[in-house]
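# Observations on the model geometry
Letter by letter, the chains look like this.
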Amino acid sequence: MNNQSIDIKNFVESIISAQKKAKKIIEHQISSEYDDSKIISFFSLIETESLYANSSVAEKVADYLQLMKDEINYKNVDLAEIKSIYENIIDMNPYDISFYESLGWYLHNVLDQEEEAKEVVNKGIIIINSKIEDLKKRF
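Quick notes on the rules
- Residues numbered from 1 in each chain as written.
- Predicted model: local features only at pLDDT ≥ 70, side-chain atom pairs only at ≥ 80, totals over all residues.
- Heavy atoms only, no water.
- Salt bridge = Lys/Arg side-chain N within 4 Å of Asp/Glu carboxyl O.
- Helix = DSSP H or I, 4+ residues; strand = E, 2+ residues; numbered from the N terminus.
- Buried < 20%, exposed > 50% of the residue type's maximum accessible area, 1.4 Å probe, protein only.
- Contact = heavy atoms within 4.5 Å.

### Observations concerning the pattern of salt bridges
Oppositely charged side chains are able to pair whenever their charged atoms sit close together. Evaluated as defined, the whole model comprises eight salt bridges. Across the salt bridge formed by lysine 83 and glutamate 87, the nearest N and O atoms sit 3.8 Å from each other. Placement of both lysine 83 and glutamate 87 in helix H5 (residues 79–92) is noted, with a separation of four residues, approximately one turn of the helix. Relative accessible area serves as the criterion here: at 17%, lysine 83 is assigned to the buried category. Its relative accessible area of 31% is what places glutamate 87 among the partly exposed residues. Across the salt bridge formed by glutamate 114 and lysine 118, the nearest N and O atoms sit 3.6 Å from each other. Taken as a pair, glutamate 114 and lysine 118 lie in helix H7 (residues 114–138) at a separation of four residues, close to a single helical turn.

### Quick look at helix H3 (residues 55–65)
The buried fraction of H3 is high, at nine of 11 residues. For H3, the set of buried residues is Ser55, Val57, Ala58, Glu59, Lys60, Val61, Ala62, Tyr64 and Leu65. The elements touched by buried residues of H3 are helix H1 (8–26), helix H2 (36–49), H5 and helix H6 (97–109).

### Comments concerning unusual backbone geometry
Excluding glycine, most residues fall at negative phi; most peptide bonds, likewise, are trans. Notably, serine 50 is not glycine yet its phi reads approximately 55°, a positive angle. With phi around 55°, aspartate 112 is a residue other than glycine that occupies positive phi space. In this structure, aspartate 112 sits in the loop between H6 and H7.

What follows is the structure, encoded as structure tokens:
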């Protein structure tokens with residue numbers, strides 16, 4: 001028997017609260033007129049709220065990292081690290097096609113790896129189609 005206890009009600013309320021914060025973060029948009037300070041402010045909010053582990057928030061962070069304009073802000077972020085963010089999101093959420101699409105876009109448009117981009121998107125389609133077929137059989 002485990003001697004640890006957890007207040008399930010508070011635990012569930014914490015999850016719901018974090019989800020509401022994450023939803024606001026995910027809905028965040030930057031205008032065509034922006035500078036890096038707006039993106040950095042956005043990143044600070046994510047860090048303060050500890051929302052970076054949320055897959056949809058992490059995807060937005062990876063997307064925004066590509067928009068940084070000032071070299072001082074982006075020079076310490078390796079392109080492979082951004083790719084790793086997308087890959088980790090897919091590992092955690094293999095049935096969400098939008099994450100494959102984001103990685104594919106990044107591979108194609110940023111890393112100029114068109115074939116790998118096609119492979120990633122096709123892999124996502126295969127995995128999701130397999131899940132759909134499985135669900136059709138079960139329901």
